[in-house]
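Commentary on secondary and tertiary structure
Letter by letter, the chains look like this.
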Number of protein chains: 2
Amino acid sequence: MKEPLTTGTMQSVNLQATAFLAKALADENRLRIIQNLAQGKKSVSRIVEELGISQPLASHHLKELKRALLVTVERSGPFIYYELADPCIMTILTDLNNLAASLLADRTKF
Amino acid sequence: MKEPLTTGTMQSVNLQATAFLAKALADENRLRIIQNLAQGKKSVSRIVEELGISQPLASHHLKELKRALLVTVERSGPFIYYELADPCIMTILTDLNNLAASLLADRTKF
DNA sequence: CAAGTATATAAACATACATTTATACGATGT
DNA sequence: ACATCGTATAAATGTATGTTTATATACTTG
């Protein structure tokens, strides 16, 4: 009788999926895109304009966000529209930002 | 009269700090360490034992977590104890995990 | 001061990733 | 069919990052 395969804790946290999601959020340009998409569905060219990044760079990061299931894609004529897959994404972003601010505030080093 | 420096949205989100924090959370071994430290303050050797990773690797990731202000360090004799800097860290981890699960569940591709 | 334990650091390496430049693809209009 | 616009992809490049192996540092004990 072998041991169960789970080596972790009770409340099973999928660390692999979590790390993957965190990695998708771990780039400032991607966060800017997410924040921009929080205003609603937008085309690539609009994102490029509003964020002032190159079109291939936007395309690359949008691809990563899509890979992480953070955005959904929809074609309409010559335009391709990206949209946040879930409103909760903004909540996480705010939470992360708040934690970051809190950690910076609490640090007692100068 | 020049424009204000902020190019972002109303509720100012420090994307740089947020991306930096996300990057610190974007590694499975670091998440395992955080999850392990959720049980309380622990020495490096204990973390190494319980997670089954090499000592230098643990040391490296602990250094990263410290750099991100996610853990605090304390020496006691020959041992060095690491501790989560803030309980909220576990909340974020759970939230990230929940979002990851939700995104995976909501995807309508097979 | 020598030896052992706990931890950190250095070196070396492979891999991943962000960015740019150039090009291809797809849709639309003439 | 051609030109043009919107977007994606490829190639190239520099840099960052995770991991291992080897070594150094710090503390403790004899």
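Residues numbered from 1 in each chain as written. Chains lettered and ligands numbered in written order. Predicted model: local features only at pLDDT ≥ 70, side-chain atom pairs only at ≥ 80, totals over all residues. Heavy atoms only, no water.

**A short note on the sheet that holds strand β3 (residues 79–84) of chain A**
All names here are of chain A. On the basis of which strands lie adjacent, the open sheet formed by 3 strands has the order β1-β3-β2 and antiparallel pairing. One side of each edge strand has no neighbouring strand; the edge strands of this open sheet are β1 (42–43) and β2 (71–76). When β1 meets β3, the two strands line up antiparallel, connected through 2 bridges. Each bridged residue has a counterpart across the sheet, and for K42 the counterpart in β3 is Y82. Where helix α2 (residues 28–37) meets the sheet, its contacts fall on β1, β2 and β3, and the angle it forms with β3 comes to roughly 90°. (Pairing = 2+ DSSP bridges. Helix = DSSP H or I, 4+ residues; strand = E, 2+ residues; numbered from the N terminus. Contact = heavy atoms within 4.5 Å. Axes fitted to C-alpha atoms, helices over the stretch in contact; angles between N-to-C directions.)

**Re helix α2 (residues 28–37) of chain B**
Residues and elements named next belong to chain B. Taking burial as the measure, the 10 residues of α2 include 7 buried ones, the bulk of the element. Those residues of α2 not exposed but buried are R30, L31, I33, I34, Q35, N36 and L37. One side-chain oxygen at the N-terminal end of α2 lies 2.9 Å from the backbone nitrogen of N29; it belongs to D27. (Buried < 20%, exposed > 50% of the residue type's maximum accessible area, 1.4 Å probe, protein only. Polar contact = N/O pair within 3.5 Å; in protein donor to acceptor, adjacent residues only side chain to side chain.)

**What about the packing of α2(A) against helix α3 (residues 44–51) of chain A?**
Residue and element names in this part refer to chain A. In contact at an axis separation of 11 Å, α2 and α3 are set at 115° when each is read in the N-to-C sense. Comparing their axes, α3 and α2 come out roughly perpendicular. In this structure, α2 meets α3 at a crossing whose hand is right-handed. Along its contact with α2, which presents R32, I33, N36 and L37, the element α3 presents I47, E50 and L51. For the contact of α2 with α3, a count of residues per class yields 4 nonpolar, 1 polar and 2 charged. (Parallel < 35°, antiparallel > 145°, perpendicular 65-115°, else oblique. Left-handed = near helix turned anticlockwise from the far one by under 90°. Nonpolar A, V, L, I, M, F, W, Y, C, P; charged D, E, K, R; others polar.)

**Some remarks on the nonpolar core**
Judged by nonpolar contacts, the single largest core of 64 residues is most densely connected at L25(A), I34(A), L70(A), L25(B), I34(B) and L70(B). The contacts of I34(B), once residues within four sequence positions are left out, are L25(B), L65(B), L70(B), L84(B), I89(B), M90(B) and L93(B). (Core = buried A, V, L, I, M, F, W, Y, C linked by side-chain atoms within 4.5 Å.)

**Concerning the protein's contact with DNA strand C**
Every one of the 23 residues lining DNA strand C counts as a neighbour, but R30(A), H61(A), S45(B), Q55(B) and Y82(B) are closest to it. Note that a base nitrogen of DNA strand C is positioned 2.7 Å from one of the side-chain N or O atoms of Q55(B). For DNA strand C, a sugar or linking oxygen lies 3.5 Å from a polar atom in the backbone of P78(B). For the surface near DNA strand C, the elements supplying multiple residues, two or more each, are α2 and α4 (55–67) of chain A together with α3 (44–51), α4 (55–67) and β3 (79–84) of chain B. Here the residues of the surface near DNA strand C sort into 9 nonpolar, 9 polar and 5 charged. (Near = heavy atom within 4 Å.)

**Things to note about unusual backbone geometry**
Residues and elements named next belong to chain A. In this structure, L69 is a non-glycine residue whose phi angle is positive, near 65°. Looking at the secondary structure, you find L69 in the loop between α4 and β2. Under the relative-accessibility criterion, L69 is labelled partly exposed at 25%.

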